[in-house]
4 protein chains.
Amino acid sequence: MIVVMRSGFAEDELSAVVAHIESVGLRASITRGAEQAIVGVIGVPITEQVQEALEAMPGVEKVLRVSKRYKLASRDFHPMPTVITVAPEHGAAVQIGGEAIVVMAGPCSVESEAGFLQAARQARAAGATLLRGGAFKPRTSPYEFRGLREEGLEILALARQETGLPIITEVMTPADVPLVARYADVLQIGARNSQNYLLLEAVGAAGKPVMLKRGMAMTAEEWLLAAEYVLASGCPDVMLCERGIRTFETATRNTLDLSMVPLIKKLSHLPVVIDPSHGTGKADLVPAMALAAVAAGADALIIEMHPNPDQALSDGAQSLDPATFADLMPRLDLVAQAVGRSIARAPIPSAAD
Amino acid sequence: MIVVMRSGFAEDELSAVVAHIESVGLRASITRGAEQAIVGVIGVPITEQVQEALEAMPGVEKVLRVSKRYKLASRDFHPMPTVITVAPEHGAAVQIGGEAIVVMAGPCSVESEAGFLQAARQARAAGATLLRGGAFKPRTSPYEFRGLREEGLEILALARQETGLPIITEVMTPADVPLVARYADVLQIGARNSQNYLLLEAVGAAGKPVMLKRGMAMTAEEWLLAAEYVLASGCPDVMLCERGIRTFETATRNTLDLSMVPLIKKLSHLPVVIDPSHGTGKADLVPAMALAAVAAGADALIIEMHPNPDQALSDGAQSLDPATFADLMPRLDLVAQAVGRSIARAPIPSAAD
Amino acid sequence: MIVVMRSGFAEDELSAVVAHIESVGLRASITRGAEQAIVGVIGVPITEQVQEALEAMPGVEKVLRVSKRYKLASRDFHPMPTVITVAPEHGAAVQIGGEAIVVMAGPCSVESEAGFLQAARQARAAGATLLRGGAFKPRTSPYEFRGLREEGLEILALARQETGLPIITEVMTPADVPLVARYADVLQIGARNSQNYLLLEAVGAAGKPVMLKRGMAMTAEEWLLAAEYVLASGCPDVMLCERGIRTFETATRNTLDLSMVPLIKKLSHLPVVIDPSHGTGKADLVPAMALAAVAAGADALIIEMHPNPDQALSDGAQSLDPATFADLMPRLDLVAQAVGRSIARAPIPSAAD
Amino acid sequence: MIVVMRSGFAEDELSAVVAHIESVGLRASITRGAEQAIVGVIGVPITEQVQEALEAMPGVEKVLRVSKRYKLASRDFHPMPTVITVAPEHGAAVQIGGEAIVVMAGPCSVESEAGFLQAARQARAAGATLLRGGAFKPRTSPYEFRGLREEGLEILALARQETGLPIITEVMTPADVPLVARYADVLQIGARNSQNYLLLEAVGAAGKPVMLKRGMAMTAEEWLLAAEYVLASGCPDVMLCERGIRTFETATRNTLDLSMVPLIKKLSHLPVVIDPSHGTGKADLVPAMALAAVAAGADALIIEMHPNPDQALSDGAQSLDPATFADLMPRLDLVAQAVGRSIARAPIPSAAD
């Protein structure tokens, strides 16, 4: 259930609403817009008596029931789109969910300091505004390269320092959340962990924005419910990343489901990110799908780019080389303008400039 | 195997190559570009001896083996993109596969003369260049509306006369091919008949362009092999229409697989059409996916539009109303320009103008 | 809607019910049990007035509405399981849907007279009661072996004559139905044609039992609706064959969905056949899945067996060799007995005995 | 690579082989049969030189390369089927993977002490040999019942004490492994955590047998690689549980892929468990699929049974009531006997007898 406050409500009216909600054993969650405020009521059961009492309080415009299984993630609960501010503390804030579309780029894994710094500079030169790179890598086989762990995080931080770009990196287990959150500007939950609920709660409490990838066989509703775990743990800054679902088609690694962009934006207020690299598994399909994602209304892209895709320790087949990535960026900008948006620009001069 | 002729080859050199191919029990298929020609060799087995003999003939630049299971449909066989000319005999030729992107529009079914003519005029006014409408409807249940049959074809012809726009309509069984081909400018094969091989051969011999929809569980390779049936039956003008595949996701009717646009264009020379209406099953997702399809490189769109979606006898939930369709067209044009193309314009003034 | 007649009703009461149904523009379909009769009412709309009038007629026990989209195929409409008698005219009747489980066996394609007769004798010797073999073969590529056509049908008839076993074979297009129905005892509709509705109507009117394979991406409801097309065309003898659906798994050719056995038998009165050969695509998985199918309650199995699987023109990888097939039969019988059934025995001595 | 020792080899020959493997920087893993031993060699790269040196050592019969991505899980590496002994320390050992098929039963969640003890007694009375019940429940929504946690584990231990039956229960995150392992006889990894690799390693090091459920979109190879994580962490006692995969079919909750039984047993030595409850999601389909699983060769079944399915806090729709479960057990036994096996009996009289 949500309580919509009247335009021009008084602060003490709002406080009274919250107090009443808590007095009957429920919890309140406040969302503020320019002149209005919405109070989400969490808990069960919410009786008609509670609803009627709230409707009668001063400053309350109306009280609505949210019938969807996800509450905090729903548009009904939070009608304005969420805009996430990444890394304000580094003086390099990037906004995701606004007019400008953010391109995150970098190699699948952090493989070495020199290699990653080279990739980071190339990504920045081409116009990326966030750096991606895996320090903890979930691998299908235990015998494959599983990341540099904390050493990888340190390299990511170094790259941030050099380029001025915030970093996004994956965390795989609750015990690693404090460590990864010390370094990362955005915490990434991978597709395989998309229903690892205790991890979702751990990142939700870590104080950093979270990017939640869709599981390979996850429905839209399950995805929003997974986001609900993060939101309900205290993190309002969740972005949802479509990275391809698993189907019978074998010519592509996954089937990138771009219909999630308009669908999720209809059902939810959370920003949507598209990963055309995992979504297709083939570098030569990435540019077309990146352009399509922008046209469909995506708020951000996350693209794998490697200085030498042939030598990548993971995901080389789906990584763009730097020249192809640099060529793609202005084409993305043209499509963004065609749909009334733009591609975000790197916020401040980097140390390397 | 394909034989690539030298630039500036002589016609009798080409004839000699064809004659040699036929003399060893194989068949030849000629594709001509501005200054070159390619001869496809069909049949098995093609021995090394045959290959060496052809390589030694005058005018031959090189001989290449096509290892894919589809031959006529492959890029190796036919490196230049196919551009299909629709309805030249009606003085209203439309080209599919060139720079300009064609938008086909109209209701799912032809329900009545007045209703379809209204839809046709609305589609034309908004800028569509082909009319769609089903006269023979495959329906999941035998108790549902199955189309007006020949009466529907006559209404389609009337709408063509009034608007000057060519028509595309479905044919469901070989026995109906001559009838439907008398009326239609493009013969449509539906998803459920995408591996109805005798129907594919019948439409391939009918002398009209063919639009082949992808089956709900059809791989890219199977789709190209189905196209191969049409091509091998004598029809060079095949366009491939992605209309969504079936996955576990239930929030959308199907999962529209836009990665087929760049994939098919890499593997094949045939134009690719996107159907965002069946691809999503929800009218409010159609505009975003239509824009995305254009950005991904689609050669045409086929969009369901109905004067009154609420009253449609079939597929109302996924049909745009005329105002939404009219609003979408200039947005498609902007995205088309952003990727270096345009939306095709109706070729001649219609009787209604 | 269905009309249940009272036990011991009079024939003229039944006639009056049918007459009333037809008098209001609807159609009647009669199903008789030992002492009862059920009249299905087909057409729309069926008003409450009609229902009340029928309830008031002599001999009528009750009138029920069937809410499912399929009517004739539903258990509500026809509570007793259907038992199909195959080939009574050949003096070698086989019953499908009763206590005894029927095993159909033979090669994927009829490749030659000698080869097929050998396979037929081997199948019979091992205990099969129906022969399978394709004369018309749907092939993914136009360049593959597509069957011997009428010559294949003649070989099938010869094998029936020699072994005394009825034959099942596929028909691919309406124009071939009269020809195939002259030879076949059961008409098979393949997975790719499972929603080729005009073919379903043609076989429904051909006067022979029909085996309808499930499409690769067909839901249970769509399958029963496809059966409804055959039933509504006049054929009461439809059996449903599960042959595997298409999923992301690549270690098997398809995913054999055995849950369709109990599900279909709950929803419908039609017999269920399992095809473990196409269902797995691997000969070494066939025996286990055949045993499982019997335990799950299947009414029949259709198994590919080839005298020399390595040399088969199609589907060799999934064909059992004769020795493995012969070894499997008594094991099937033990499982059948464990679930209170048996494996059907060949009905009469064959000419070869 | 694996080293097969000659029948009648000497212990010091085996030690020398292990010493050589370790001397070149690789690891050795010994599997012993009645008269033979196999040494798995782990690490990369394994040169030809190493292979030749091992082939020349006394007692070595042959050296084979294992080309599959999973090593410890493969049949090549460990040709004899693994038989897992559960709970020897409770004097109630149950063997999984041998001739007798184990039936695990109980409610989805442990909801209360009285309710669970009632269910446990009913399960035991009907012949189950392992108790299942969830104390930590992964739930799609954060607002659903998530289990009694440690209190649930204590109730499970009480039920074990009363019935003499070992218990299996799920663990969801590495931090809970020590706690759950103190109570559980088998640690269960759920479908959503099937690629939570750090959890797999944590349970692999916990000293208890592990049951690894297949993910909803997991291929057979990925499943065996997930098992490889557990095996490589030191736990040799891994059983694989098929619980249905996600497909387009909506009439069942999941599609139970019974072909995994023969496929996994061909590729691997690990026992296979079937979960017909989650596999179908419908109680009335469970008996048929349980019977089919036994016929297909499953080593164990895990079945949800609840004293009052209508009142279950989770999964009521797929839970058998005690009478249906009791009715099913002797039918399973008949099918087991038909395939040369039996249903395991409860090992010792329980305190309740």
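Residues numbered from 1 in each chain as written. Chains lettered and ligands numbered in written order. Predicted model: local features only at pLDDT ≥ 70, side-chain atom pairs only at ≥ 80, totals over all residues. Heavy atoms only, no water.

Asker: What exactly am I supposed to notice about the pattern of salt bridges here?
Answerer: Charged atoms that come close allow side chains of opposite charge to pair. Enumeration over the complete set of coordinates arrives at 68 salt bridges over all chains. Across the pair Asp299(B) and Lys265(B) runs a salt bridge, and its minimum N-O distance is 2.4 Å. One end of the pair, Asp299(B), is in the loop between helix 10 (286-296) and strand 14 (300-304); the other, Lys265(B), is in helix 8 (residues 260-267), with 34 residues separating them in the sequence. By relative accessible area, which is 1% here, Asp299(B) ends up buried. Its salt-bridge partner being Lys68(C), residue Asp76(C) comes within 3.6 Å of it at the nearest N-O pair. Ionic contacts of the salt-bridge type, sharing partners, join the residues Arg214(A), Glu242(A), Asp257(A) and Glu249(B) into one network. (Salt bridge = Lys/Arg side-chain N within 4 Å of Asp/Glu carboxyl O. Helix = DSSP H or I, 4+ residues; strand = E, 2+ residues; numbered from the N terminus. Buried < 20%, exposed > 50% of the residue type's maximum accessible area, 1.4 Å probe, protein only.)

Asker: I'm lost on the packing of helix 3 (residues 113-126) of chain C against helix 11 (residues 322-338) of chain C in this one. Help?
Answerer: For any two helices packed against each other, one specifies the inter-axial angle together with the distance between the axes. All names here are of chain C. Between helix 3 and helix 11, the shortest axis-to-axis distance is 9 Å and the interhelical angle comes to 20°. Relative to helix 11, the element helix 3 lies roughly parallel. Here helix 3 runs over helix 11; the crossing is right-handed. Of helix 11, the residues touching helix 3 (which contributes Gln 122, Ala 123 and Ala 126) are Pro 322, Phe 325, Ala 326 and Met 329. The residue makeup of the contact of helix 3 with helix 11, split by class, is six nonpolar, one polar and no charged. (Axes fitted to C-alpha atoms, helices over the stretch in contact; angles between N-to-C directions. Parallel < 35°, antiparallel > 145°, perpendicular 65-115°, else oblique. Left-handed = near helix turned anticlockwise from the far one by under 90°. Contact = heavy atoms within 4.5 Å. Nonpolar A, V, L, I, M, F, W, Y, C, P; charged D, E, K, R; others polar.)

Asker: In this structure, what is going on with the relation of the copies chain B and chain A? I would like to understand it.
Answerer: Look at the two chain copies: a rotation about an axis and a shift along it is all it takes to match them. Of the two same-sequence chains, chain B is brought onto chain A (RMSD 0.1 Å, axial shift 0.0 Å) by a rotation of 180°. In short, the pair behaves as if placed about a two-fold rotation axis. Taking C-alpha positions as the reference, the residue of chain B nearest the rotation axis is Ala292(B), at 2.0 Å. Comparing contact sets, 100% of the residues at the interface of chain B also lie at the interface in chain A, consistent with an isologous, same-surface contact. (Least-squares fit on C-alpha atoms with pLDDT ≥ 70 in both.)

Asker: Whenever I open this one, the interface of chain C and chain D confuses me. Can you help?
Answerer: Frequently, the measure chosen for interface size is the accessible area that the parts lose on association. Counting residues at the interface gives 36 residues for chain C and 36 residues for chain D. Both faces considered, chain C and chain D share a buried interface measuring about 2,700 Å² in area, 73% of it formed by carbon and sulfur atoms. For the interface between chain C and chain D, the tally reads four salt bridges. For Glu249(C), the salt bridge is made with Arg214(D), and the minimal N-O distance between the two is 2.7 Å. (Buried area = accessible area lost by both parts, 1.4 Å probe.)

Asker: It is not clear to me how the pairing of strand 11 (residues 210-213) of chain C should be interpreted in this structure. Could you clarify?
Answerer: In summary, the side chains of a regular strand alternate between the two faces of the sheet. Residues and elements named next belong to chain C. Side chains Val 210 and Leu 212 of strand 11 all project onto a buried face; the interleaved residues Met 211 and Lys 213 project onto the opposite face, where all are buried too. Two elements, strand 10 (residues 186-189) and strand 11, share three bridges in a ladder whose sense is parallel. Following the sheet pairing, Gln 188 is matched in strand 11 by Met 211. Tracing the backbone out of strand 10, into helix 6 (residues 197-204) and back to the parallel element strand 11 gives a crossover that is right-handed. Of the crossover connections in this fold, the one passing from strand 11 over helix 7 (residues 220-232) to the parallel strand 12 (residues 238-242) is right-handed. (Pairing = 2+ DSSP bridges. Right-handed = clockwise from strand over helix to strand, strands pointing away.)

Asker: Looking at this structure, I do not really get the relation of the copies chain C and chain D. What am I missing?
Answerer: For the match of chain C to chain D, the screw axis carries a shift of 0.0 Å, the RMSD comes to 0.2 Å, and the turn is 180°. Here 100% of the interface residues in chain C have copies in chain D that are interface residues too; the copies meet face to matching face.

Asker: So what exactly am I meant to see when it comes to the interface of chain B and chain A here?
Answerer: Opposite the 36 residues of chain B that make contact, chain A presents 36 residues. Counting each side, the surface lost to burial between chain B and chain A is near 2,700 Å², with a carbon and sulfur contribution of 73%. Per-residue buried area on chain B facing chain A is highest for Phe248(B), Glu249(B) and Ala338(B); these three make up 19% of the total on that side. Where chain B meets chain A, there are four salt bridges.

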